[in-house]
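Here is how the chains run, residue by residue.
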Amino acid sequence: MRLQKYLAGSGIASRRACEKLIENGEVTVNGRVAKIGESVEDGDVVEYKGKVITPVSEYIYLMLFKPVGIITTASDDRGRKTVIDLIDVKERVYPVGRLDVNTSGLLLLTNDGDLANKLMHPKFQVDKTYKAIVKGRIDDEKLKALENGVMLEDGVTAPAKVKLIKFDKENSYVEICIREGRNRQVRRMFEAVGHEVRGLRRIKVGNLSLKNMEKGQCRYLTKEEINYLKRITG
Ligand code: URA
């Protein structure tokens, strides 16, 4: 089997990204720096960053209802609680994208590096829907601006779908669906139109939703959900 396929199949990264790791000399086979295009056979020892890499025997796909206060990373050098601490599976899985520490909601985790990379890739434009509680009464003009695109320091945002749910005395409740996945994007979009975000929850990724899940709960995706994700990134 080609080395890049073997690496991608171990859940490290997509095949393209694995090619880069090989090109950068970060992968060894039987103790020698590997070359792009080479093949591996049973018994070969493949290492990346000094760790022996074994192909994943079974892919798993999870959905976590991430609570506020938990960080989205596989491990934290400051010992803070991470999303991995909330899941109880023996396989090593990685978060698909990230949610800020102060954002709750739907987070996918998998050891299928190829699918994870596709879901995060702008080319596939997967919808991500959020419920935001923002300070003050947001007006139609600002909702329209969010929909059409607002200028952030890293450029204008792509068109979004925006729906006002309700107001109360202090806040507005807005549902917003974006296809990009820039850092703190939803918070920055609301800030750009003058409304601080007081609460943010991701409720959907594509058509997968948090329905019937409790905060902190994690579950396996169904066959239909997995097939759906493969279809939209196919
Ligand atoms: N947008 C944000 O501002 N934060 C998130 O966690 C996700 C999207």
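Sequence order as written defines the numbering, with residues in each chain counted from 1. Only residues with pLDDT of at least 70 get local features here, since the model is predicted, and only at 80 or more are side-chain atom pairs given and counted; chain-wide, interface and lining totals rely on the full set of residues. With hydrogens and water stripped out, all remaining heavy atoms of the structure feed into the side-chain values.

As a further point, take helix H4 (residues 140–148). What qualifies as a polar contact is a pair of N or O atoms within 3.5 Å, subject to a donor-acceptor requirement within protein and to the restriction that residues adjacent in sequence count only when both atoms come from side chains. Working definition: helices are DSSP H or I runs of at least four residues, strands are E runs of at least two. Numbering for both runs from the N terminus. A distance of 3.2 Å separates the backbone nitrogen of glutamate 141 from a side-chain oxygen at the start of H4, and that oxygen is part of aspartate 139. Of the residues one or two after H4, glycine 149 is the one with positive phi, at around 125 degrees.

Aromatic ring pairs are defined here through the distance separating the ring centres and the angle between the ring planes. Ring pairs shown here join Phe, Tyr and Trp side chains whose ring centres sit within 6.5 Å, with only the six-membered ring taken for Trp; geometry is labelled stacked below 30 degrees between planes, edge-to-face above 60, and tilted in between. Scanning all chains against the criterion turns up 1 aromatic pair. Measuring from centroid to centroid gives 6.5 Å for tyrosine 59 and tyrosine 61, while their planes differ by 55 degrees, and the two rings are tilted. The exposure class of tyrosine 59 is partly exposed, given its relative accessible area of 35%. Here the guanidinium or amino end of arginine 137 rests over the ring plane of phenylalanine 167, the centre of that ring lying 3.9 Å away. In this scheme, a residue with accessible area under 20% of its type's maximum is buried, one over 50% is exposed, and one in between is partly exposed, where area comes from a 1.4 Å probe on protein chains only. Two thresholds decide whether a charge sits over a ring: the Lys NZ or Arg CZ must be within 6 Å of the ring centre and within 35 degrees of the ring normal.

A carboxyl oxygen of Asp or Glu within 4 Å of a side-chain nitrogen of Lys or Arg is what we treat as a salt bridge. Per the stated rule, a full pass over the model turns up 11 salt bridges. Across the salt bridge formed by glutamate 38 and arginine 32, the nearest N and O atoms sit 3.2 Å from each other. Taking relative accessible area as the criterion, glutamate 38 reaches 15% and is therefore assigned buried. Put simply, glutamate 191 and arginine 184 hold a salt bridge, and the shortest N to O gap is 3.6 Å. The class for arginine 184 is partly exposed, based on a relative accessible area of 34%. Each of Asp154, Glu180, Arg182 and Arg188 takes part in one network of salt bridges that share partners.

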